[in-house]
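Examining the three-dimensional arrangement
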Amino acid sequence: MEHIEVAIVGAGPGGMSAALTLAEEGVEVAIIDNNPTPGGQYYRQTYINNTTKKLKPHQQEGVELRRKLHDSKIRYFSKTNVWGTFEQKILALDGPGAPPALEAEAIVLATGAFERTIAFPGWTLPGVITIGAAQILNENNVSPGKRVLISGTGPLLVVLASELIHAGIEVIGVLEGSNLLPRAIKHLGALFGQKERLKEGIGSWISLQKHRIPYRLGCSVCFARGEDHLKEVTFCHLDNDWKPIPGSEETVSCDTLCIGYGFIPFNALSVTLGVEQEWDPFNACYIPKRNMFMETNIKGVYSIGDGTSIGGARLALLEGQIAGVAAAQQLGKSKKHPEKYISGIATALSRERRFKKMYTDIFTPGFGIYELSEENTILCRCEGITTADIRRAIDLGADTSGEIKIITRAGMGDCQGRMCSHLIANIVARETNKSLLEVGQFQPRPPVFPVPIENLCLSVDKSAGKMG
Amino acid sequence: MENSNKENLPGNSQSIIINVNGIPTKAIAGESLSCVFYANGWKKWHRTPYGAEQGLFCGIGHCFGCLVTVDGVPNIRACQTLVSEGMDIVTDIILEGKS
């Protein structure tokens, strides 16, 4: 089995930052990423094709980081899924040119997050896509649709609207689920020092105003219709718990609906490694526990960036440096003192943590939004499991996510519950009067990504029986 | 950097031809398959085991709604696959409209 000093999962801002920090200390590093190019979602490389457009400051930053990665001795495996993690720090890999199994002395998990989506009747229709998906299309000069409605929460809604307007696409409105203002006022201080973020936010806001795009607070899509493709969307007002207010519905015609209700950390690999998870009430999700050095309860396993707790790229960069310094010291490769390093970047750290707190406080959906799904609404997109199927399982006595999974197959499909775990947990909690903590999440198990059986066998073979 | 896929380093906007269900289709080197599909107005191409028709959804490789067969290999995510000259794509659903 191949061996490496530090294996980093994810080549986004956090992973690249950790890798470069470690490489500088002379540590042997491999970085494994399932995307075709490094950068993660924040430093997405698609815009490289758009030679006509001037790069934004953060895109320029991404170009710099990728150049450093390219010039380094870091081993980089792209298009490679880490489909399982096993004790003794073994990673099972599936990708072109990657070894089937890799043993590491330390692991840095920088797995990033995915968009939290909400189930409502019609959300599985072609034409309903996430905000991120729409941004990627648009960056490639491909239009997601002709008439676009945007619904969800967070600054990205406005950013996407502005990007689409610039591309000449008709945006018919932006629905922000949060009742922004009362919650935002107490956090104004968190904007201190966030010049770049403010500039982008204000710029996007101005283009919305200029084009008279309606921006509604406390509103969300509640119904999407169309035979084989999206044709119209009904939206409604939400109360303070984000519960739809009956009688407040309005219907508009559009061919594209972009949704995004914040982000959920991708924690499956830290779960399979045995890292202790805790419930994060601010972002309503499970997150790996860790200490100030980003190390989890398993010695030599670090967890950083949005894959741990949603804090954005700036925080991920800092956490990557901390984990890098700490891991290098642990391996005896560096005399840099992690504690001293942290105090050296304390100002930047607390600035980003203030922003993170503001972001999750204002832009985390209330539990009322999970009441949008109806009896025949599909919750598990992979297996076609509906709300009614979940109710039947509850009637049979299921009251945890694990039992629901066994009875219904929800969460057992290709995505391994990433799209539906939170949707189903919320319905079970509501129907059984239990807390989300009691209901739990779907327990991820290897393979957390689909893997061809021959590659699975190869991984097991190469690890010489050390898996599981 | 020791790269396992050197051909995927930053490219240029070169126009290429790929085969989609046997039909030659224009694409731009370096863009993803889901971009090619959307550029052609195709918004669904994958049929789930229970018969639902899906296409692009999450866009970042997590939802598996955009699966296609690439050069004979099934269950490949269109959103994570960058196109290259001559790539052979087969979809579960017949694609209609322009190409």
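**Some remarks on the overall build of chain B**
Within chain B, the secondary structure is distributed over one helix and eight strands. For chain B, the sequential pattern of α-helices and β-strands runs β-β-β-α-β-β-β-β-β. Restricting to contacts in chain B with at least 6 residues of sequence separation, those with at least 24 account for 43%. Surface exposure of chain B reaches about 4300 Å², of which carbon and sulfur atoms provide 52%.

**So, the pairing of strand β13 (residues 232-237) of chain A**
Residues and elements named next belong to chain A. Two elements, strand β12 (residues 219-225) and β13, share six bridges in a ladder whose sense is antiparallel. If you follow F223 over to β13, its bridge partner there is T234. Hairpin connection from β12 to β13: six residues lie between these consecutive antiparallel strands, with G226 at a positive phi of about 160 degrees. Here four bridges tie β13 to strand β14 (residues 250-253), and the two strands are oriented antiparallel to one another. Following the sheet pairing, V233 is matched in β14 by V252.

**Here we look at unusual backbone geometry**
Excluding glycine, residues mostly carry a negative phi; peptide bonds, for their part, are mostly trans. All names here are of chain A. A cis amide bond, omega 0 degrees, links P446 with the succeeding residue P447. Checked against the element boundaries, P447 lands in the loop between α14 (436-439) and α15 (453-462). In this structure, A284 takes a positive phi of about 50 degrees despite not being glycine. When its relative accessible area of 17% is taken as the criterion, A284 is described as buried.

**Here's the deal with the confidence of the model for chain B**
Here chain B averages 88 in pLDDT, and 85% of its residues register 70 or above. Considering only residues more than four positions removed or in separate chains, one finds that residues 3-11 of chain B, a stretch of pLDDT under 50, has 25 contacts.

**A closer look at the interface of chain A and chain B**
Each partner contributes residues to the interface: chain A has 59 residues there, and chain B has 39 residues. Across the chain A/chain B interface, buried area totals approximately 3800 Å², and carbon plus sulfur atoms make up 56% of it. Between the two partners, chain A and chain B, sit nine residue pairs in polar contact (both at pLDDT 80 or more). Per-class residue counts for the side of chain A that touches chain B are 27 nonpolar, 22 polar and 10 charged.

**Re the pattern of salt bridges**
Residue and element names in this part refer to chain A. Overall, the coordinates contain 24 salt bridges over all chains when judged by the stated rule. Its salt-bridge partner being E5, residue K333 comes within 3.1 Å of it at the nearest N-O pair. With K333 in the loop between α8 (312-330) and α9 (338-344) and E5 in strand β1 (residues 2-9), this pair connects stretches of sequence that are 328 residues apart. Judged by its relative accessible area of 37%, K333 falls in the partly exposed class. Overall, the relative accessible area of 14% leaves E5 in the buried class. Put simply, R197 and E352 hold a salt bridge, and the shortest N to O gap is 2.8 Å.

**Some words on the nonpolar core**
All names here are of chain A. Core analysis: the biggest nonpolar cluster contains 88 residues, and F120, L257, I390 and I424 have the highest contact counts within it. Considering every element that reaches this core, the biggest residue donor is helix α13 (residues 421-432), with six residues. Those residues within four positions of F120 in sequence are excluded, and the remaining contacts are V128, V221, C222, F223, A224, L257, I259, L372, S373 and T377.

**Comments concerning empty space enclosed by the protein**
All names here are of chain A. As enumerated under the stated definition, the model contains three cavities of 30 Å³ or more in all. Roughly 340 Å³ of volume is contained in the largest cavity. Lining of the largest cavity is provided by 24 residues; of these, I264, N267, S421, H422 and Q441 occupy positions nearest its centre. Elements represented by at least two residues in the lining of the largest cavity include exactly β16 (263-265), β18 (285-288) and α13. Tallying contributions element by element places α13 first for the lining of the largest cavity, with four residues.

**Structural notes on the side chain of T234(A)**
Residues and elements named next belong to chain A. Summarising the element assignment, T234 is placed in strand β13. With a relative accessible area of 4%, T234 lands in the buried category. One polar contact links T234 to T251, side chain to side chain, over a distance of 2.8 Å. Once residues lying within four places of it in the same chain are set aside, the contact partners of T234 are V221, C222, F223, R225, E249, E250 and T251.

**As for a nonpolar patch on the surface**
Residues and elements named next belong to chain A. On the surface, a nonpolar cluster with roughly 350 Å² of combined accessible area is contributed by L198, I202, W205 and I206. With respect to the helices, strands and loops of the structure, I202 is situated in helix α6 (residues 195-210). Among the residues examined, I202 registers a relative accessible area of 48% and is labelled partly exposed.

**Structural notes on the sheet that holds β14(A)**
Residues and elements named next belong to chain A. The strand order β12-β13-β14 describes an open sheet built from three strands, whose pairing is antiparallel. With one partner strand each, in any of the chains shown, β12 and β14 form the two edges of the open sheet. Sheet twist, expressed as the mean angle between neighbouring strand axes with direction ignored, is 30 degrees.

**Describing α6(A)**
Residues and elements named next belong to chain A. Counted at 1.5 Å a residue, the expected span for α6 with its 16 residues is 22 Å, and the 22 Å between its end C-alpha atoms agrees. Among all positions in α6, only S204, S207 and L208 are buried. Looking straight down α6, one finds its buried side chains confined to an arc of 105 degrees; they lie on one side. Those residues of α6 that are exposed and aimed more than 90 degrees away from the buried face are K195, K199 and K210. Buried-residue contacts for α6 involve α4 (155-166), β10 (170-176) and β11 (215-217).

**Observations concerning the packing of aromatic side chains**
Inspection of every chain in the model, using the stated rule, returns 12 aromatic pairs over all chains. Measuring from centroid to centroid gives 5.1 Å for W279(A) and Y286(A), while their planes differ by 70 degrees, and the two rings are edge-to-face. Counting every residue linked through ring pairs, the aromatic cluster contains F114(A), F266(A), F449(A) and F64(B). Above the face of the F355(A) ring, R197(A) is positioned so that its terminal group lies 3.8 Å from the ring centre. Positioned over the ring face of W123(A) is R381(A), at 4.7 Å from the centre of the ring.

**Thoughts on α13(A)**
Residue and element names in this part refer to chain A. Compared with the 16 Å implied by 1.5 Å per residue over 12 residues, the 16 Å span of α13 between its first and last C-alpha is a close match. Regarding α13, the residues found buried are S421, H422, L423, I424, A425, N426, I427, V428 and A429. Looking one or two residues past α13, N433 carries a phi angle of roughly 55 degrees, positive in sign.

Reading the values: the criteria
- Residues numbered from 1 in each chain as written.
- Chains lettered and ligands numbered in written order.
- Predicted model: local features only at pLDDT ≥ 70, side-chain atom pairs only at ≥ 80, totals over all residues.
- Heavy atoms only, no water.
- Helix = DSSP H or I, 4+ residues; strand = E, 2+ residues; numbered from the N terminus.
- Contact = heavy atoms within 4.5 Å.
- Areas by Shrake-Rupley, 256 points an atom, 1.4 Å probe, with all protein chains shown as cover.
- Pairing = 2+ DSSP bridges.
- Buried < 20%, exposed > 50% of the residue type's maximum accessible area, 1.4 Å probe, protein only.
- pLDDT = per-residue confidence, 0-100.
- Buried area = accessible area lost by both parts, 1.4 Å probe.
- Polar contact = N/O pair within 3.5 Å; in protein donor to acceptor, adjacent residues only side chain to side chain.
- Nonpolar A, V, L, I, M, F, W, Y, C, P; charged D, E, K, R; others polar.
- Salt bridge = Lys/Arg side-chain N within 4 Å of Asp/Glu carboxyl O.
- Core = buried A, V, L, I, M, F, W, Y, C linked by side-chain atoms within 4.5 Å.
- 1 Å grid on protein atoms, 1.4 Å probe; cavity = no way out; pocket = protein on both sides within 12 Å on 5 of 7 lines; lining within 4 Å.
- Points joined across faces, edges and corners; volume = space filled by probe spheres on them.
- Patch = residues over 30% accessible without salt bridge, like charges linked within 9 Å, V, L, I, M, F, W, Y side chains within 5 Å.
- Axes fitted to C-alpha atoms, helices over the stretch in contact; angles between N-to-C directions.
- Expected span 1.5 Å × (residues − 1).
- Arc of directions from axis to C-beta.
- Phe/Tyr/Trp six-rings, centres within 6.5 Å; stacked < 30°, edge-to-face > 60°.
- Lys NZ or Arg CZ within 6 Å of the ring centre and 35° of its normal.

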